[in-house]
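A structural walkthrough
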Amino acid sequence: MKKNIWINLGFQAGAFLLALLITTLILIFAGAPPLKAYGSILSGAFGSQKNLIAVLISWSPLLLTTAGVLITFAAGLWNIGIEGQMTLGAIFATWGLRLFQDTNVSPALIIAIGLLFGMAGGALWAALAGALKTFGGVNEIFGGLGLNFVATALTIYLVFGPWKRPGVGSMSGTKPFDEKLWLSTLPGTALSPWGIGLSILAVIVVFILLRGTYFGLKLKAVGKNMRSAFMLGVPTWQYSMFAFLLCGAFAGLAGAIQVEAVYHRLLPNISNGYGFLGLLVAMLINYQAIWVIPIAFFFAALNVGSIQLQIVHKMDSSFAGVLQDLLVLLILLGQGARERLLKKA
Amino acid sequence: MDNVILIGLAGVLAAAAPVLFAVVGETITERAGVINLSLNGTILLSAMSGFAAAYKTQSLLVGFLVGMLVGAIVAFVVAFGSIALRQSQVAIGFVLALTARDLAYFLGVPYMNVPGPTLPGLPLPLLKDIPVLGTLFFRQNAITYLSFLLILAAWIWLFRTRPGLMLQGVGERPAAAFVRGANVNRLRYLYTIIGGAIAGLAGPAYTLSIKPGWMGTQTGLDGVGWIALAITIFGGWNPWRGALGAYLFALLQWLGLVLQPNLPNIPSQVLQVAPFPLMILTLLLVNVGDAEWVQRWLASMPDKTRRLAVKALRAMRASPPAALGTTFERD
Amino acid sequence: MKVELRNIHKRFGKVHASNDIALTIPAGTIQGILGENGAGKSTLMKILSGFIQADSGEILLDDRQVSIKSPADAIQLGIGMLHQDPLDFPPMRLVDNFLLGHAGGLFPNHKEVAWDIQKLNAQFGFALDPEAYVDSLTVGERQQLEILRLLWLGARVLILDEPTTGISASQKTKLFETLRKLAEQGKTIIFVSHKLEDVDVLCHKVAVLTAGKLMGEMNPPFDQKKLVELMFGKEISLGERYSAAAEGATLTLRDLAVEDARLQLSNVNLELRAGEVVGLAGMEGSGQGLFIRACCGLLRPVHGKVTLNHLDLTGKSYHVYKQNGATFLPASRMEEGLVPGLTLTEHFILAEETQGVFINQERGLVLAEERIRSFNIRGTPTSVVESLSGGNQQRALLALLRTPLSLILLEHPTRGLDIESAIYIWGKLKERCKQGSSIVFASSDLEELLQYSDRVIVFYSGKSTPPLDARSLTAGKLGELIGGAGWDEWETEQSA
Amino acid sequence: GQAPAATEAPAAAPAATEAAPSEPFVFGVILIGARNDKGYSQAHYEAGLYVEQKIPGAKMLYLENVFSGSPSYPGQTTSQLASQLVDQGAKLIVFNSDDMKDEALKFAKENPNIYVIGASDDWTWKDGKTYTPSPNQIDIMGRMEYGKMMAGCAAALTSKTGKIGYLGPLINDETRRLAASAYLGAKHCWTEMLGKDASELQFKVTWIGFWFNIPGVTADPTQVADDFYNSGYDVVISGIDTTENIVEAKKMHDAGKEVWALPYDFKDNCNVAPDVCLGVPYFNWGPAYLATMKTAIDGTWQEGFQWNGPDWADINNPDTSAVGFVKGDALSAENSAKIDEFIAKLAGGLDLWTGPINLQDGTNYIADGKAATDAEVWYLPQLLEGMEGQSVPSN
Ligand SMILES: Nc1ncnc2c1ncn2[C@@H]1O[C@H](COP(=O)(O)OP(=O)(O)OP(=O)(O)O)[C@@H](O)[C@H]1O
Ligand SMILES: Nc1ncnc2c1ncn2[C@@H]1O[C@H](COP(=O)(O)OP(=O)(O)OP(=O)(O)O)[C@@H](O)[C@H]1O
Ligand SMILES: [Mg+2]
Ligand SMILES: [Mg+2]
């Protein structure tokens, strides 16, 4: 048993190094000095307090989306629709704020309402994908993808249509909300302690749910074999629906936080790839909730740090994506290789 | 005026060609029991590298070949990861979809907005003068003709030939194919790679023909692959139905812009997104027959209506290859 | 063709599945292979048919040494294997099933093949429609299809692994006829089974495997007792046949009518007494499936009434039935019974009542160990179910049953299990009856039906007999009914 | 009334840490597209290069593809990106698109000692609808209306069918007024120079829904262009950042069709396909950037809004003209002369934004004989009477 753990770590490290190696080759191929490049990623992420804060800002929604997909993964579901769910969260949050901004409801309350609306919105969109899956037999991957497109179009429609700012409808989004409706952030930054707090809380909740609860076990049963789980008395469709709802609510919360703390308005593509990134993180950590916090942080750091690549080395900053993707890919393949070896042995 | 419509429809046929490559390629792959979810990345990467190659060599042929090569390589990783290393096909495919996409954007920078070669039109003598059909089908370019042929070829191969029969078998019940002498996993490698190569044609078909040139994130191809995957299901793993789906999709998008002036209050984005709800709806119709509540609901119907409803649902349903997404091990 | 195996060895990790097997089968012989579960029968056959390869050993055909690396090689050499669950392609037409894997030009000629099928049909008196789809056939017919296909491909050695499970008596007789005919043509038949009586009537020669070793061979007349001793190393006897049926109905069905896409079943009536065992006879897909699923809410009746413990549960869902003490163990253990990837412990926790939010791991472990012991399952609390053997999976499934239960529904409770395991399982079930549970089980094994049921309902293409007293039934009579003969009395009764 | 350059009344310059001319002046440019997009962003990028070359020691930093949801910057707000540039020493940040207007304002507010240029924004415009004081910000726009008028004119002069297509991005005030200007130019040359009847001129706008194609979200500009050409519109004017219209025109041309195109944004865009290019209206941000940055360096910075017109002496003068128009090879000599004539008229004070001008719904927008104010032009609420196509995304 102990031996396996070491073999495990060995393979993880190996995959990581291999990923680094490949990306280094790519860097060389793209004509950038690798060491300098990695250096500037580091300094870009941790060089200044401002950058560190930027990292934390993109950490928070990533925590939420990852936590969300861990639930759906446990239920054996590929919730690719999470991007759309996050978008709907943003839309609903905006809606909530718009509903009350001109009333004399206390700002704090409005903000809270916004967050709840966001969760509701995400859950609703997830429920759609879930209903299509559980009652319509439509594979959640394709239901979700379709709904992602619809969500994007819906945002653009709202931004240029019903919710367009006075005069100019602009890609820049809806008219920013009054400062009093901003989720309180650390002075001079877009970092909201609330956002971080809620995100970490979400991760903890998921961790506990999947660890030692009946809910978690039944969810796993549903995920691994729905028929059998049903015969064992688990209300299967309710469970997968619930998984969708929970994931959607988390994604929606992430969207709402983007609106209330980061952008202070609704803008197109507000989900910004966090959903897919969450799926990546979940795969990278092999669906083990315990690793969400550090790995999500690592990914966030890569996002922020790699911007320096373009500024300093005039290199397209999609490099961060390349690095993250390759990392996950190789970890997956590494797992496969490990299992094979252990089987042979 | 109807001539205008005809030309427009001919344009639709051309515009659908790349998606069609992707759909047929994926159909073949999935028939072998493998899901290649990486299409979106495959298309972007093959689009970029195909264009880059054609630009460097000034040879269209090289461009398309490189596109196919890229598609084949990505597909190989899917096959290797899922067959040799037994990892989830969906997981590998999804990660590859992102990897290939980001690689395309990252490596494509030097080729952005440089003028490259584009595929010339190729009206077929005589044929092109057939009244309606000529305008529709025979004033296209080589790659569009290829897309027409591909539908036919894929269909014949799948449903009329011995190897095609075995291909179906491998995706339907690998163990049975195995005892009938098939080397299941080798075939799965083979067809995954072939399917990937065909899908790899989609990229160059865009950057060398339909939407010439590489413009990085503005090339406007991000998403096509996901659409193609959905159409594959809509097509019920049959090249004909798949092609129909691809054409339907292109048609709807075309209508979206043609009708724009007549629908002053509907934003163009809404018209453009229309195919997706429709797609979801069709997937629903195709699958809903198996749903439990439908069965219960049917059971509660009077006999005659029930018989009819059941027939209707069965007619629509398209069931995937039984072994889709599973691994096969002898023993 | 003469088949000769010389010191064949095959290991799966620790398990020595084939241990120095040496066996010679002259042409034209029907060779029986007996052995308990896990004895190594399938392994040996898989080796001969190229499905897997031996670690060491030689195979000779007509005294020529051959190397069989794949089923393709086997077919080339004229060896064809008929697997327990026929390996065909349900959604395809018969012709395509025939063609699939048949070497030849790019474009096959369907007409020719259809014609060949008809000829073979005639030769063996089968009635297979080349244009029909395989999923419209019964297991028996699918076996016939496979046999024809293998012969068509030129098989001269025919291996059958437990072919008599899941087919009707009449189909069985038909099968045996065919095999004899083939033997007369000089073909070599290898017949794997648990069922002594089958071997008894069919085989010219029997070999017994135990724990991967060839324990001995025997020629007719076969001494059943000795065979059993060879197989199990001890005597085995069916326990006394007894009934635990008491007064008071648990389940009652009134004018029940259910149907699915393929079949309708109508005006079924049953009054099931506490502790009673009712067996459901009939070929696969004759209606038992519908019946049993209608008894537990998995199928909503289109007409009629289902009451469980005097509660009208008509149209309620399976879970409602479950809460009222009914439970159903389907035939497909891994698909509809156990959850691959979860451990035995996790299964037992799932099966028990949920208590609170958090799982008490210790209690789960204790529970698991206790159940594993009392059902002597070969496995540990942490072993995942897919790593268990067929029989042990079946034991685990039974170990999941809660107490008390008023109704237990089972499909093929002992399919694929050897006599010893089967007796063990029925022991456990009868205990339940003593505790007042009623049992309804579907089986294709006449012996089992007659041995353990108090009453039997026979199904034939959507028709069903009223419950018949098992004691008044004989295997012969039962076989007829399953085959569709002798139904007149109820025909009239029903129309009246 | 189109005063050549309307610089607003001075406002207090920020208490900025004066960048002593000795140390090199570093400025950052945030581009919505790619620096080599043959379009809007490249024009800004080259303006940056222009400044680098004009101010000794000036250094440009830049970030490309900064649009919301860009895969290049998962989860980065534009103002975060801007501060990354500041970390690299940038004293001034250019936000090059309307998409970034809020982020620009936010950033200016959060970084009072960094100068901000908001290209195509109107925050600091006193007559603007959304005037917001922002001392360290200057908003700059070029009067592309003129360029579009010239494009429209060239189209009208050349079109054989009298059907002109306009490939529009998304619908907002800017895109409306530019499409409208193109129409006004076309109508003028159609009626005044060719003496034809305005009713015979068809001018149709099709919006794709964004500045470039996003599958499943926007209409495909390639399809739009094709559809124009296939349905008899023989000239297509581009209003989007990418070059589909001219690329498709080339295809059609090679297939023997008589069609033309006018690309947008970037002066060399005719090179994509000279033999179908009638000309290209383009921005020349260099001069304005240079002037503004100089004020940042010597501390004479003044908040305000600039809407810079062409240098009528030479509209293509790289050092003086904010917008220009390069004639394309496909333009016949005769029409080329006519264009020059038209430009001369404009230089001479011809104002096509003079009433009567009716909106698409028929209501009068600019009274007869009255000249539109800048605000009226900037905030054009609808397309104009005589133009076909959507005016507003929704009501
Ligand atoms: N794919 C597999 N991977 C690992 N072990 C396996 C696999 N298949 C079978 N086994 C092992 O072989 C045994 C199951 O073989 P099989 O299903 O033939 O059971 P059996 O030998 O018939 O015994 P039983 O009497 O319980 O049916 C189990 O002990 C299991 O550990
Ligand atoms: N795939 C496998 N992996 C590991 N062990 C296996 C595998 N298949 C069989 N075995 C082992 O080999 C032994 C023989 O299995 P085999 O299936 O041949 O028994 P059998 O006689 O066919 O049993 P049954 O009567 O249940 O079919 C089993 O006990 C099992 O432990
Ligand atoms: Mg066996
Ligand atoms: Mg077994």
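Residues numbered from 1 in each chain as written. Chains lettered and ligands numbered in written order. Predicted model: local features only at pLDDT ≥ 70, side-chain atom pairs only at ≥ 80, totals over all residues. Heavy atoms only, no water.

1. Structural notes on the site of ligand 1
All names here are of chain C. As a reminder of what qualifies: Here, proximity means that at least one heavy atom of the residue falls within 4 Å of the molecule or strand. Any pair of nitrogen or oxygen atoms within 3.5 Å is treated as a polar contact; in protein, a donor-acceptor pairing is required on top of that, and neighbouring residues in sequence qualify only through side-chain atoms on both sides. Computed with a 1.4 Å probe, the accessible areas rest on the Shrake-Rupley method; for each residue, only the protein chains presented here act as cover. When residue character is reported, Ala, Val, Leu, Ile, Met, Phe, Trp, Tyr, Cys and Pro are called nonpolar, Asp, Glu, Lys and Arg charged, and the others, Gly included, polar.
What surrounds ligand 1 is the set Asn37, Gly38, Arg378, Ser387, Ser389, Gly390, Gly391 and Asn392. A distance of 2.8 Å separates an oxygen atom of ligand 1 from a polar atom in the backbone of Gly391. Between ligand 1 and the protein, one listed contact pairs an oxygen atom with a backbone N or O atom of Asn392 at 3.4 Å. The protein chains hide 46% of the 620 Å² of surface that ligand 1 would expose on its own. Counted by class, the shell around ligand 1 contains no nonpolar, seven polar and one charged residues.

2. What about the packing of helix H2 (residues 39–57) of chain B against helix H3 (residues 60–84) of chain B?
All names here are of chain B. Using the following cut-off: For every element, the axis is a line fit to its C-alpha atoms; helices are fit only across the contacting stretch, and the angle between N-to-C directions ranges from 0 to 180 degrees. For the purposes of this entry, the term helix denotes a DSSP run of H or I that reaches at least four residues, the term strand denotes a run of E that reaches at least two, and both are numbered from the N terminus. Handedness of a crossing is defined here by the sense of rotation of the near helix relative to the far one, left-handed for an anticlockwise turn of less than a right angle and right-handed for a clockwise turn. The criterion used for residue contact is that any of the two residues' heavy atoms lie within 4.5 Å.
Where H2 contacts H3, the two axes come as close as 7 Å, and the packing angle between them is 145°. Crossing angle aside, the handedness with which H2 passes H3 is right-handed. Between H2 and H3, the contacting residues are Thr42, Leu45, Ser46, Ser49, Gly50, Ala53, Ala54 and Thr57 on the first element and Val62, Gly63, Val66, Gly67, Val70, Gly71 and Val74 on the second. In terms of residue class, the contact of H2 with H3 is built from seven nonpolar, eight polar and no charged.

3. Examining the sheet that holds strand S6 (residues 163–168) of chain D
All names here are of chain D. Test applied: Strand pairing follows a simple DSSP-based rule, namely that at least 2 bridges must link the two strands.
One open sheet holds the five strands; their spatial order is S9-S8-S6-S7-S15, and the pairing between them is parallel. Edge positions in the open sheet fall to strand S9 (260–262) and strand S15 (387–388), since each of these has one partner strand only. One ladder, built from two bridges, connects strand S7 (residues 202–207) with S15; its direction is parallel. Note that in S15 the partner of Lys204 across the bridge is Glu388. Packed on one face of the sheet, helix H4 (residues 144–158) meets S6, strand S8 (235–238) and S9 and runs near 170° to S8. The sheet contacts of helix H7 (residues 244–254) involve S6, S8 and S9, and relative to S9 the element is tilted by about 165°.

4. Quick look at the packing of aromatic side chains
Geometry of an aromatic ring pair is reported as the spacing of the ring centres plus the angle between the planes. The condition is simple: Side-chain rings of Phe, Tyr and Trp, where Trp is taken by its six-membered ring, are said to pair if the distance between their centres is within 6.5 Å; with planes under 30 degrees apart they count as stacked, over 60 as edge-to-face, and otherwise as tilted. The rule for a charge over a ring is simple: NZ of Lys or CZ of Arg within 6 Å of the ring centre, and within 35 degrees of the ring normal.
Tallying each qualifying case throughout the model produces 57 aromatic pairs over all chains. An aromatic cluster is present here, built from Phe73, Trp78, Phe276 and Tyr287 of chain A together with Phe94 and Trp226 of chain B joined pairwise through their rings. Between Arg395 of chain C and the ring centre of Tyr424 of chain C, over which it is positioned, the NZ or CZ distance is 5.0 Å.

5. Section: the packing of helix H8 (residues 214–224) of chain A against helix H10 (residues 236–263) of chain A
All names here are of chain A. Our working rule: Convention used here: angles under 35 degrees read as roughly parallel, angles over 145 as roughly antiparallel, angles from 65 to 115 as roughly perpendicular, and any remaining angle as oblique.
The contact between H8 and H10 brings their axes to 10 Å, and the two run at 105°. Of the possible angle classes, the one that applies to H8 and H10 is roughly perpendicular. When H8 is examined against H10, the residues Phe215, Lys218, Leu219 and Val222 are found in contact with a partner set consisting of Thr236, Tyr239, Ser240, Phe242 and Ala243. The residue makeup of the contact of H8 with H10, split by class, is six nonpolar, two polar and one charged.

6. Quick notes on unusual backbone geometry
Formally: Burial here depends on accessible area, computed with a 1.4 Å probe over protein chains only, as a share of the maximum for the residue type. Under 20% is buried, over 50% is exposed, and the range in between is partly exposed.
Pro404 of chain C follows Thr403 of chain C through a cis peptide bond whose omega is -10°. Mapped onto the elements of the fold, Pro404 of chain C is located in the loop between helix H14 (390–399) and strand S17 (407–411). Look at the link from Gly355 of chain D to Pro356 of chain D: it is a cis peptide, with omega at 0°. If you trace the backbone, Pro356 of chain D turns up in the loop between helix H9 (333–347) and strand S13 (357–358). Non-glycine residue Gln58 of chain B carries a positive phi angle of around 55°. Position of Gln58 of chain B among the secondary structure elements: in the loop between H2 and H3. Positioned with a positive phi, Glu162 of chain C is a non-glycine residue whose angle comes to about 45°. The topology assignment puts Glu162 of chain C in the loop between strand S7 (157–161) and helix H6 (169–184). With a relative accessible area of 8%, Glu162 of chain C lands in the buried category.

7. Remarks on the interface of chain A and chain D
Put simply, the rule reads: Buried area is a sum: the accessible area each of two parts loses on coming together, probed at 1.4 Å, counted once for each and added. The salt bridge criterion pairs a side-chain nitrogen of Lys or Arg with a carboxyl oxygen of Asp or Glu, the two atoms within 4 Å.
Taken together, the contacts link 44 residues of chain A with 42 residues of chain D. Both faces combined, the contact of chain A with chain D buries some 3,700 Å², and carbon together with sulfur accounts for 52% of it. Area buried by chain A at its contact with chain D is led by Met171, Gln310 and Ile311 of chain A, which between them contribute 16% of it. The interface formed by chain A and chain D includes five salt bridges. Residue Arg265 of chain A is joined to Asp102 of chain D by a salt bridge in which the shortest nitrogen-to-oxygen separation is 3.4 Å.

8. Some remarks on empty space enclosed by the protein
Which entries qualify depends on this criterion: Every definition here rests on a 1 Å grid over the protein atoms only: cavities are sets of points where a 1.4 Å probe fits but cannot get out, pockets are open sets enclosed by protein on both sides within 12 Å along at least five of seven lines, and lining residues have some atom within 4 Å of a point. Grid points are joined across faces, edges and corners, and a volume is the space filled by probe spheres set on the points.
Following the criterion strictly, the structure yields 15 cavities of 30 Å³ or more and no others. Its boundaries defined by the atoms lining it, the second largest cavity holds a volume of some 240 Å³. Forming the walls of the second largest cavity are 19 residues, and the residues nearest its centre are Ala15, Val19, Tyr206 and Gln253 of chain B together with Asp220 of chain D. Elements that contribute at least two residues to the lining of the second largest cavity include exactly helix H1 (2–31), helix H10 (202–210), helix H11 (224–234) and helix H12 (239–258) of chain B. Looking at side-chain class alone, the lining of the second largest cavity contains eleven nonpolar, six polar and two charged residues.

9. Comments concerning the interface of chain C and chain A
Put simply, an interface is often sized by how much accessible area is lost when its parts join up. Listed by partner, the interface residues are 30 residues for chain C and 19 residues for chain A. Contact between chain C and chain A buries roughly 2,100 Å² in total, counting both sides, with carbon and sulfur atoms accounting for 67%. Inspection of the region where chain C meets chain A yields one salt bridge. The closest approach of N and O atoms between Arg227 of chain A and Glu336 of chain C, which form a salt bridge, is 3.0 Å. The interface formed by chain C and chain A includes 13 residue pairs in polar contact (both at pLDDT 80 or more). Breaking the side of chain C that touches chain A down by element, the ones donating at least two residues are helix H10 (318–323), helix H11 (333–336) and helix H12 (344–351) of chain C. Counting residues per element, the side of chain C that touches chain A draws most heavily on H12 of chain C, at five residues.

10. Focus on the domain arrangement of chain C
Residue and element names in this part refer to chain C. Operational definition: Residue ranges assigned to the domains are those given by an automatic or database domain assignment.
Annotation of chain C at the domain level lists domain 1 (3–232) and domain 2 (249–325 + 404–495). Taken residue by residue, the interface counts 18 residues in domain 1 and 17 residues in domain 2. Surface buried jointly by domain 1 and domain 2 totals about 1,300 Å² across both partners, of which 60% is contributed by carbon and sulfur atoms. The tally of links between domain 1 and domain 2 comes to zero salt bridges. Counting across the interface, domain 1 meets domain 2 through zero residue pairs in polar contact (both at pLDDT 80 or more). Breaking the side of domain 1 that touches domain 2 down by element, the ones donating at least two residues are H6 and helix H7 (196–202).

11. With respect to helix H12 (residues 292–305) of chain A
Residues and elements named next belong to chain A. This is how it is decided: How far a helix is expected to stretch is found by multiplying one less than its residue total by 1.5 Å.
Compared with an ideal rise of 1.5 Å per residue, which puts 14 residues at 20 Å, H12 spans 19 Å between its outermost C-alpha atoms and is within 8% of the ideal. Burial of H12 is extensive: ten of the 14 residues sit out of reach of the surface. Every buried residue of H12 is listed here: Val292, Ile295, Ala296, Phe299, Ala300, Ala301, Leu302, Asn303, Val304 and Gly305.

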